[in-house]
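Per-entry structural report
Single-letter residue listing:
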Amino acid sequence: MNKKPVIIDTDPGIDDAMMLIYAFASDALDVKLVTTEAGNLSQAKTSYNAQALLSYLQVDVEIAKGLEHPILRPLEVAEDIHGETGFGTITFPAPTLPLSERGAVEAMRQVLLASDEPMTIIATGPLTNVAALLLAHPEVKPHIAHISWMGGSAVGGNMSPTAEFNAYVDPHAAEIVFRSGVRITMSGLDVTHKAYVTLPEVARIRAIGTPFAQRVEQMLTFYLANMHETPFHTPNYSTTLRFHDLCAVIAVTHPHVFSGMDCYVSVVVDGQAAGTTHVDYMGRTGLLPNAHVLHTVDRDAFVDLFVDAVTRMNERVQDA
Ligand code: BDR
Ligand code: CA
């Protein structure tokens, strides 16, 4: 199979960790670079977490540190959801993978320009690095096939009544990316709240029975205990987990698992509604669509893909 070359921009974080496990277990992806965002935690912590997790997964990949802060706003983190370290109560051995000597923006520029074919960027945090790249180096745009982003929402927010976390943390970055002309798939809360996993399904992971599977299960259990309540879309929200970031990677490997609509999306950058994504489902702006906005998921297929990925990664990870 021809693997899709991808760059992953992430702020690990528990659901980011699940997305990374999936991406590196997938036969469909060739991950050329991982870049880190300040988001769920400070830049220092998300970089360390990417190093620690990917070292533990025994993958060999360049990890480049991103920008320290959102473009204009002070950083707000989500340690209440992901824990002070970002992985709940789980710790990983000290990393063996180093941080790259090049920063995220420069690494992305060079990797994109060197690629034989246009690449996909999977972004599961605020879009600070991606926006900086597109502003500073517009010559990379023809080398980007597609940006698959977890963020935004038409249905309501998890940070304010209308703003989703990744859009809220750096709304200016999100607006720059939506205006860039690059093809975007948006996995916002509209679809990620439907992409949930139940406790019996988490038990399928526990049943694998290895220390790796236990770590995954413990991260998920912590995440569940700290999640915001979602009164709709997700049934029994106290016993289900929303796998937000996993949607952005599965939308690349198995796009048919989702359905969505092409819409024009803009981002509110100031005031109380900052971070709100206006999704023009009904074409009221008269503007041409700039994003494919996902709204529906085949949940059974989604869960099977995740459990398969953990099972496959489990065969690779040596954890005594
Ligand atoms: C997003 O916020 C973060 O806490 C998660 O990692 C995900 O990217 C969901 O709103
Ligand atoms: Ca994230």
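Whatever comes next refers back to the structure up there.
Description of the structure in this document. Given the structure is predicted, the values throughout are model-derived calculations rather than measurements. (Residues numbered from 1 in each chain as written. Chains lettered and ligands numbered in written order. Predicted model: local features only at pLDDT ≥ 70, side-chain atom pairs only at ≥ 80, totals over all residues. Heavy atoms only, no water.)

A closer look at the pattern of salt bridges
One pass over the full model with this rule turns up nine salt bridges. Taking the shortest distance from any N to any O, the salt bridge between Lys45 and Glu79 comes out at 3.0 Å. Of this pair, Lys45 sits in helix H2 (residues 43–56) while Glu79 sits in helix H3 (residues 79–82), and the two are 34 residues apart along the sequence. Judged by its relative accessible area of 25%, Glu79 falls in the partly exposed class. The shortest N-O distance in the salt bridge between Lys65 and Glu68 comes to 3.3 Å. (Salt bridge = Lys/Arg side-chain N within 4 Å of Asp/Glu carboxyl O. Helix = DSSP H or I, 4+ residues; strand = E, 2+ residues; numbered from the N terminus. Buried < 20%, exposed > 50% of the residue type's maximum accessible area, 1.4 Å probe, protein only.)

Some words on the nonpolar core
By size, the foremost hydrophobic cluster in this structure holds 69 residues, and its most contacted members are Leu54, Leu57, Phe258 and Phe302. Take this core: its biggest share by element is 10 residues, from helix H1 (residues 14–25). Leaving out residues up to four positions away in the same chain, Leu57 has contacts with Ile21, Phe212, Met313, Arg316 and Val317. In this structure, Ile7, Leu134, Ile147 and Phe178 belong to the second largest nonpolar core, which totals 36 residues. (Core = buried A, V, L, I, M, F, W, Y, C linked by side-chain atoms within 4.5 Å. Contact = heavy atoms within 4.5 Å.)

Concerning the site of ligand 1
Around ligand 1, the surrounding shell consists of Asp15, Asp16, Asn40, His82, Thr124, Met150, Asn158, Glu164, Phe165, Asn166, His244 and Asp245. A distance of 3.2 Å separates an oxygen atom of ligand 1 from a polar atom in the backbone of Thr124. Taking Asp245, its side chain carries an N or O atom lying 2.6 Å from an oxygen atom of ligand 1. Protein chains shield 95% of the accessible area of ligand 1, which is 290 Å² for the free molecule. Of all elements in the fold, only H1, helix H6 (165–169) and helix H11 (244–253) reach the threshold of two or more residues within the shell around ligand 1. Partitioned by chemical class, the residues of the shell around ligand 1 number two nonpolar, six polar and four charged. (Near = heavy atom within 4 Å. Polar contact = N/O pair within 3.5 Å; in protein donor to acceptor, adjacent residues only side chain to side chain. Areas by Shrake-Rupley, 256 points an atom, 1.4 Å probe, with all protein chains shown as cover. Nonpolar A, V, L, I, M, F, W, Y, C, P; charged D, E, K, R; others polar.)

Focus: the coordination of the calcium ion (ligand 2)
Protein-derived coordination of the calcium ion (ligand 2) comes from Asp11 (OD), Asp16 (OD), Asp16 (OD), Thr124 (O) and Asp245 (OD), at a distance range of 2.2 to 2.6 Å. Within one chain, the residues serving as donors to the calcium ion (ligand 2) are arranged as D-x4-D-x107-T-x120-D. In this pair, Asp11 sits in the loop between strand E1 (4–10) and H1 while Thr124 sits in the loop between strand E4 (119–123) and helix H5 (128–136), placing the two residues 113 residues apart along the sequence. Like Thr124, Asp11 is buried. (Donors = N, O, S within 2.8 Å, 3.2 Å for Na, K, Ca; no water.)

What about the packing of aromatic side chains?
With the rule as written, the count across this model stands at six aromatic pairs. Taking the centre distance of 4.8 Å and the plane angle of 55 degrees together, the rings of Tyr56 and Phe92 count as tilted. Of this pair, Tyr56 sits in helix H2 while Phe92 sits in the loop between H3 and helix H4 (104–114), and the two are 36 residues apart along the sequence. Phe92 shares its class with Tyr56; the two are buried. With a centroid separation of 6.3 Å and an interplanar angle of 80 degrees, the aromatic rings of Phe258 and Phe302 are classed as edge-to-face. Placement of the pair is Phe258 in strand E9 (residues 258–267) and Phe302 in helix H12 (residues 299–316), with a sequence separation of 44 residues. For Phe258, a relative accessible area of 8% corresponds to the buried category. Using a relative accessible area of 0% as the deciding quantity, one classes Phe302 as buried. (Phe/Tyr/Trp six-rings, centres within 6.5 Å; stacked < 30°, edge-to-face > 60°.)

Quick word on unusual backbone geometry
The omega angle of the peptide bond from Pro12 to Gly13 is -15 degrees, so this bond is cis rather than trans. The residue Gly13 is located in the loop between E1 and H1 in this model. Located in the positive-phi region is Gln58, a residue other than glycine, with phi close to 60 degrees.

Some thoughts on the packing of H1 against helix H10 (residues 211–226)
Two numbers describe a pair of packed helices, the interaxial angle and the distance between the axes. H10 packs onto H1 with a crossing angle of 145 degrees between their chain directions and a minimal axis gap of 10 Å. Between H1 and H10 the crossing geometry is left-handed. Residues Ile14, Asp15, Ala17, Met18 and Ile21 of H1 lie in contact with H10, whose contacting residues are Phe212, Val216, Met219, Leu220, Phe222 and Tyr223. Within the contact of H1 with H10, the residues separate by chemical class into 10 nonpolar, no polar and one charged. (Axes fitted to C-alpha atoms, helices over the stretch in contact; angles between N-to-C directions. Left-handed = near helix turned anticlockwise from the far one by under 90°.)

A word on the packing of H11 against H12
Running from N to C, H11 and H12 point in directions that differ by 90 degrees, and their axes come no closer than 11 Å. By the criterion of interaxial angle, the relationship of H11 to H12 is roughly perpendicular. Between H11 and H12, the residues in contact are Leu246, Cys247 and Ile250 and Phe302, Leu305 and Phe306, respectively. Taken together, the residues that form the contact of H11 with H12 break down as six nonpolar, no polar and no charged. (Parallel < 35°, antiparallel > 145°, perpendicular 65-115°, else oblique.)

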